[in-house]
Amino acid sequence: MEKGINGFPLISVIVPVYNVNQYLERCLESIISQTYHNLEILLVDDGSIDGSGETCDRYALKDMRIKVIHKENGGLSSARNAAIDILTGTYITCVDSDDYVTEDYVEYLYNLLQHNHADISMCQLKKIYSDKDKLDAVPIMTEVLNGKDAIKYYLYQKKFTASAHCKMYKCELFHSLQYPVGKYHEDMAIICQLLDLSSRIVISNQQKYYYVQREDSIMGEKFNSKKMHRIEIAEEIRSFIKKNHPDLIKAANDRCFLAAIQTFRELPLERNYHSYLDIIWKEIVRYRKKVITDADAKVSHKVMALSTYGGKHFLNILGICYTHINQQ
């Protein structure tokens, strides 16, 4: 690991790139303009065919901190793993190539780590629907958790999500972990292990990340079998919790229920997806009573669980309304 400029540690910024040329320059400009200068910027061109790879190479000539990896398309996990395999930084943060960050994104996360002697630091994102969207100004609040309490927060979907962005990690956390190649929701697959390996996690309520909403993103694309990975991963998480933190099994049940609900909301009921629907509905029925009777579960999760007793079509209507409200 390198120390670098004025004793400040080298921080590796990982940017997987796949066919996002219309967004890429804005992303890269926000990274090279960071107030924290000692960066190793790893651009992983994951087999792009829209000119994104050429844009990466052009920026590498513009800024010597940039390293470009060109590889065959293997997906987001494969791209992140390729960067992790060669990075030399002491800390890691990730930025998606269609998003962008505030100029103090890296410095803010680094200072959170240092001031709180933490292994992981977190900030918040702002969903961006147009160029007019602005960050929300709120009084600064931070919270320091141990690994187990952070896992509980995650399982109940409180304070933060599994997403790799909006976080900074000590590199050593990835010595025994990799993102699962070929799976959607890859962040979800390793978040509990990362938290479990951490002694201290600090969470801030400050928005430092612009999360651009695209209809053609993985999250916005039409339903396919890989969308079912969320349910599979939730069950894997439950097994991990049952083995390592059995007193958090109620929280793991809640996560399994929510994974099923989230997948259900992505499934078009008017199309022939009966085999998927049967699997999803069995998961919902399996966990809904557990959520309703869990004192720690979110009220919104309890309401959703109660609504499932009205049947699939009622839940679908409620889900459409819920999505619309969340987009306001």
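Presented here is an overview of the structure given in this document. Since we're looking at a predicted model, the values are computed, not measured. (Residues numbered from 1 in each chain as written. Predicted model: local features only at pLDDT ≥ 70, side-chain atom pairs only at ≥ 80, totals over all residues. Heavy atoms only, no water.)

Here's the deal with the overall build of the protein chain
A count of helices and strands for the protein chain gives 11 helices and 9 strands. Structurally, the protein chain occupies a C-alpha span of about 60 × 40 × 40 Å along its principal axes. At a minimum sequence separation of 6, the contacts of the protein chain that also span at least 24 residues come to 79%. Put simply, the protein chain shows about 15,700 Å² of open surface, and 52% of that area lies on carbon and sulfur atoms. Each charge sign in the protein chain was given a centre, from 41 positive and 42 negative side chains, and these centres are 8 Å apart. (Helix = DSSP H or I, 4+ residues; strand = E, 2+ residues; numbered from the N terminus. Contact = heavy atoms within 4.5 Å. Areas by Shrake-Rupley, 256 points an atom, 1.4 Å probe, with all protein chains shown as cover. Lys, Arg positive; Asp, Glu negative; His and termini not counted. Charge placed at Lys NZ, Arg CZ, Asp CG, Glu CD.)

Details of the packing of helix H8 (residues 249–266) against helix H10 (residues 299–307)
Orientation of H8 relative to H10, taken along the N-to-C sense of each, is 60°, at an axis distance of 11 Å. Put simply, H8 runs oblique to H10. Pair H8 / H10 crosses with left-handed handedness. Each of Asp-254, Phe-257, Leu-258 and Ile-261 in H8 lies in contact with H10, whose residues at this interface are His-301, Met-304 and Ala-305. Here the contact of H8 with H10 is composed, by residue class, of 5 nonpolar, 1 polar and 1 charged. (Axes fitted to C-alpha atoms, helices over the stretch in contact; angles between N-to-C directions. Parallel < 35°, antiparallel > 145°, perpendicular 65-115°, else oblique. Left-handed = near helix turned anticlockwise from the far one by under 90°. Nonpolar A, V, L, I, M, F, W, Y, C, P; charged D, E, K, R; others polar.)

Regarding helix H9 (residues 274–292)
In a regular helix each residue adds 1.5 Å, so 19 residues correspond to 27 Å; H9 covers 26 Å between its end C-alpha atoms and thus fits that length. Along H9, the sharpest kink reaches roughly 30°, centred on Arg-286. Of the positions making up H9, those classed as buried are Leu-277, Ile-280, Trp-281, Glu-283, Ile-284, Tyr-287, Arg-288 and Val-291. (Expected span 1.5 Å × (residues − 1). Bend = angle between axes of the 7 residues up to and from the residue. Buried < 20%, exposed > 50% of the residue type's maximum accessible area, 1.4 Å probe, protein only.)

Considering the pairing of strand E6 (residues 120–128)
Pairing of E6 with strand E8 (residues 167–170) involves 3 bridges; the strand directions are antiparallel. Within E8, the position partnered with Met-122 by the bridge is Lys-167. As paired elements, E6 and strand E9 (residues 201–212) share 8 bridges and run parallel to each other. From the neighbouring strand, Gln-124 faces E9, where its bridge partner is Gln-207. (Pairing = 2+ DSSP bridges.)

Some points on the nonpolar core
Counting residues in each nonpolar core, the largest one holds 66 residues, and the members touching the most others are Tyr-154, Leu-155, Phe-174, Leu-195 and Ile-284. If one sorts the elements of this core by residue count, H8 sits on top with 8 residues. Apart from the residues lying within four places of it in its own chain, the contact partners of Ile-284 are Phe-257, Ala-260, Ile-261, Phe-264, Thr-308 and Leu-315. Of all hydrophobic cores here, the second largest spans 38 residues; its members include Ile-11, Tyr-23, Leu-24 and Tyr-209. (Core = buried A, V, L, I, M, F, W, Y, C linked by side-chain atoms within 4.5 Å.)

Quick word on the environment of Tyr-309
Within the secondary structure, Tyr-309 sits in the loop between H10 and helix H11 (312–326). The spatial distance from the C-alpha of Tyr-309 to the C-alpha of Gln-213 is 32 Å, given a sequence separation of 96 residues. Filtering out sequence-adjacent residues up to four positions away, Tyr-309 remains in contact with Arg-288, Lys-289 and Ile-292.

Structural notes on unusual backbone geometry
The residue Gln-157 is not glycine, and still its phi comes out positive at about 55°. Note that Gln-157 resides in the loop between helix H5 (147–155) and E8. Although it is not a glycine, Cys-166 adopts a positive phi angle of roughly 70°. Of note, Cys-166 is situated in the loop between H5 and E8. Overall, Cys-166 belongs to the buried group, its relative accessible area being 4%.

Observations regarding the packing of aromatic side chains
In this structure the tally under the stated criterion is 9 aromatic pairs. Centre to centre, the rings of Phe-8 and Tyr-36 are 6.1 Å apart; their planes meet at 80°, and the pair counts as edge-to-face. One end of the pair, Phe-8, is in the segment before strand E1 (11–17); the other, Tyr-36, is in the loop between helix H1 (21–32) and strand E2 (39–46), and 28 residues separate them in sequence. Of the residues examined, Tyr-36 reaches a relative accessible area of 6% and is grouped as buried. Between Tyr-169 and Phe-174, the ring centres sit 5.4 Å apart and the planes meet at 90°, which makes this aromatic pair edge-to-face. Judged by its relative accessible area of 1%, Tyr-169 falls in the buried class. Residue class for Phe-174 comes out buried when judged on its relative accessible area of 5%. Following the ring pairs from residue to residue traces out a cluster consisting of Phe-8, Tyr-36, Tyr-91 and Tyr-110. When the ring centre of Tyr-156 is taken as reference, the NZ or CZ atom of Lys-158 above it lies at 5.1 Å. (Phe/Tyr/Trp six-rings, centres within 6.5 Å; stacked < 30°, edge-to-face > 60°. Lys NZ or Arg CZ within 6 Å of the ring centre and 35° of its normal.)

What to know about the packing of H5 against helix H6 (residues 186–196)
Viewed as axis vectors pointing N to C, H5 and H6 meet at an angle of 155°, and their least axial separation amounts to 7 Å. The pairing of H5 with H6 is recorded here as roughly antiparallel in orientation. For the pair H5 and H6, contact is made by Gly-147, Ala-150, Ile-151, Tyr-154 and Leu-155 and by Met-188, Ile-191, Cys-192, Leu-195 and Asp-196, respectively. Partitioned by chemical class, the residues of the contact of H5 with H6 number 8 nonpolar, 1 polar and 1 charged.

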